[in-house]
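# Architecture and fold: a report
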Amino acid sequence: MISRSEIMHTKTVEIGVGIFVAIGFAALFMLAMQVSNLSTFINADGYEIKANFQNIGGLKVRAPVTMAGVRIGQVKQIDFDSDIYEAVVTLSIFAKFDRIPLDTSASILTAGLLGEQYIGFDAGGEEEYLREGDQIMLTQSAVVLEQLIGQFMFGQGSGDKKE
Amino acid sequence: MLGPLQSLGRQGLSFFQRLGRGHLFLLYVVAGIPALVLRPRLVIAQIWSVGVLSLLIILVSGTFVGMVLGLQGYHTLVDFGAEESLGVLVALSLVRELGPVVSALLFAGRAGSALTAEIGLMKATEQLDGMAMMAVDPLRRVVAPRFLAGILSLPLLAAIFSAVGVVGGYFVGVSLLGVDDGAFWSQMQDKVDLLDDIANGIIKSVVFGIVVTWIAVFEGFDAVPTSEGVGRATTRTVVHSSLAVLGLDFLLTALMFTG
């Protein structure tokens, strides 16, 4: 015979385990949505443009792309073009920023003195706007601190010799 | 002259015998897991005693670990004017290391020792032999559900630990010390990767769940069937599984986070 209290106990156990599993998955969900970069993947629907740089310095995939300091996209991919010896950076721009002039220039900047590097856009004056697959023509490479110090120490002329 | 040599050899042999027994035991238990699909109630009852009853200690220690991280991290980062990275620091330390490791250590102390004591006492009071007499395989009826429950519970516990830890760090960093709310979350979301960090943290806790529960049930099953033997087995469970967790953590970290 199964007593009444035994049934109650089984019920408590099952409810308790149900709550535990629910809390566990809620925690996983919170980690995925709130803590990690999943939320940037989800609203990452946008268009891709490319830009060539002579030197990207310490730029990394997923670094922000900003315009006037506002984040408008992120670095999606970094490749090396072995014909022209330049870095090809693929940028994913959020869909709602669809009115960026064609002659916009991109430069690699550093957040703070030693912060991480990001890409900053300076708007041009064209009437046409950048679309999927377009390439940014005006780019400015990253400032490499060692080269800057070298130029400062040895003057402009001797800075060329070391290459 | 030969006495010490002989005892050394005996110890070595018994060590390897035990190692082999442990692996065969794991094989039998894993083979018994598929049959549990037909009897989920056995597993649910074990998740209750292994997982749900560990919830309180996980919640409390997770919150405090997160709060301490927030406090310590803030005072270190503020020297560099980088206190906005506090969210990254708290989240990465919890998700990558402290969540899986500390919850595995607590799990070994709270649930692993209980598993060993329970199974060891079943053996000492000849309940396991009784089951075998009734043609019920104790490995399948007693050990397999506990093993599966441990593997399922620890990743969930580790996730809960990390989540409440982040909330604890948020409370200390943002509410008490005045770090910017938006910067705390946005920097965290920028730097914490779903696959590299969170998925690897979950993989870690699954591995720890397997190892800790395996050690716990094996020590219980292999215990000397006396009250002293069960006591020793319980101690061994906590010591060995803690060491295994810390050692494996180094190995897994070296494999996962080199990039």
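Residues numbered from 1 in each chain as written. Chains lettered and ligands numbered in written order. Predicted model: local features only at pLDDT ≥ 70, side-chain atom pairs only at ≥ 80, totals over all residues. Heavy atoms only, no water.

### Thoughts on the overall build of chain A
Secondary structure assignment for chain A yields 3 helices and 8 strands. Across the 163 residues of chain A, 33% fall into the buried class. A separation of at least 24 residues holds for 62% of the contacts in chain A among residues at least 6 apart in sequence. Accessible area of chain A: about 10,400 Å², with a carbon and sulfur share of 59%. (Helix = DSSP H or I, 4+ residues; strand = E, 2+ residues; numbered from the N terminus. Buried < 20%, exposed > 50% of the residue type's maximum accessible area, 1.4 Å probe, protein only. Contact = heavy atoms within 4.5 Å. Areas by Shrake-Rupley, 256 points an atom, 1.4 Å probe, with all protein chains shown as cover.)

### Some thoughts on the packing of helix α4 (residues 86–124) of chain B against helix α6 (residues 138–176) of chain B
All names here are of chain B. Contact geometry of α4 with α6 gives a least axis separation of 7 Å together with a crossing angle of 145 degrees. Of the two possible hands of crossing, α4 and α6 adopt the one that is right-handed. Looking at side-chain class alone, the contact of α4 with α6 contains 21 nonpolar, 8 polar and 2 charged residues. (Axes fitted to C-alpha atoms, helices over the stretch in contact; angles between N-to-C directions. Left-handed = near helix turned anticlockwise from the far one by under 90°. Nonpolar A, V, L, I, M, F, W, Y, C, P; charged D, E, K, R; others polar.)

### A word on the domain arrangement of chain A
We note that the domain assignment places domain 1 (1–36) and domain 2 (47–150) within chain A. Summarising the inter-unit geometry, the C-alpha centres of domain 1 of chain A and domain 2 of chain A are found 48 Å apart. (Domains from an automatic or database assignment.)

### Considering a nonpolar patch on the surface
A grouping of V143, L145, L148, I149, F152, M153 and F154 of chain A is seen on the molecular surface, where their side chains present a nonpolar patch of about 790 Å² in accessible area. Within the secondary structure, V143 of chain A sits in the loop between β8 (138–140) and α3 (145–159). (Patch = residues over 30% accessible without salt bridge, like charges linked within 9 Å, V, L, I, M, F, W, Y side chains within 5 Å. Salt bridge = Lys/Arg side-chain N within 4 Å of Asp/Glu carboxyl O.)

### Here's the deal with the packing of α4 of chain B against helix α7 (residues 181–191) of chain B
Residues and elements named next belong to chain B. At a closest axis distance of 7 Å, the pairing of α4 and α7 adopts a crossing angle of 50 degrees. Considered as vectors, α4 and α7 are oriented oblique to each other. Note on packing geometry: the crossing formed by α4 with α7 is right-handed. Note on element contacts: α7 touches α4 through F184, Q187, M188 and K191, opposite L86, G87, V88 and A91. Counted by class, the contact of α4 with α7 contains 5 nonpolar, 2 polar and 1 charged residues. (Parallel < 35°, antiparallel > 145°, perpendicular 65-115°, else oblique.)

### Quick look at unusual backbone geometry
Unusually for a residue other than glycine, A68 of chain A sits at a positive phi of about 55 degrees. With respect to the secondary-structure elements, A68 of chain A resides in the loop between β2 (64–67) and β3 (70–81). Overall, A68 of chain A belongs to the exposed group, its relative accessible area being 80%. Residue A135 of chain B is not a glycine yet carries a positive backbone phi of 60 degrees. On the secondary structure map, A135 of chain B appears in the loop between α5 (127–133) and α6. Look at A135 of chain B and you get exposed, because its relative accessible area is 73%.

### Things to note about the nonpolar core
Core analysis: the largest hydrophobic core is formed by 69 residues, its most contacted members being F20 of chain A together with F25, F147, V166 and M188 of chain B. Broken down by element, this core gets its largest block of residues, 17 residues, from α6 of chain B. Ignoring anything within four residues of it in the chain, the contact list for F25 of chain B reads L139, V143, W214, V217, F218 and F221 of chain B. Judged by nonpolar contacts, the second largest core, of 23 residues, contains I49, I56, I72 and L91 of chain A. (Core = buried A, V, L, I, M, F, W, Y, C linked by side-chain atoms within 4.5 Å.)

### Quick notes on the interface of chain A and chain B
How big an interface is tends to be stated in terms of the accessible area lost upon association of its parts. Listed by partner, the interface residues are 26 residues for chain A and 29 residues for chain B. Taken together, both faces of the contact between chain A and chain B bury some 2,400 Å²; the carbon and sulfur share is 75%. Its largest share of buried area at the contact with chain B, chain A owes to F20, L31 and V35 of chain A, together 27% of the area lost on that side. Linking chain A to chain B there are 1 salt bridge. Where E14 of chain A meets R41 of chain B, a salt bridge forms, and the shortest distance between an N and an O atom there is 2.7 Å. Between the two partners, chain A and chain B, sit 2 residue pairs in polar contact (both at pLDDT 80 or more). Within the residue set of the side of chain A that touches chain B, elements represented by two or more residues are α1 (4–35) and α2 (38–42) of chain A. Ranked by residues supplied to the side of chain A that touches chain B, first place goes to α1 of chain A with 19 residues. Of the residues that constitute the side of chain A that touches chain B, the class distribution is 14 nonpolar, 8 polar and 4 charged. (Buried area = accessible area lost by both parts, 1.4 Å probe. Polar contact = N/O pair within 3.5 Å; in protein donor to acceptor, adjacent residues only side chain to side chain.)

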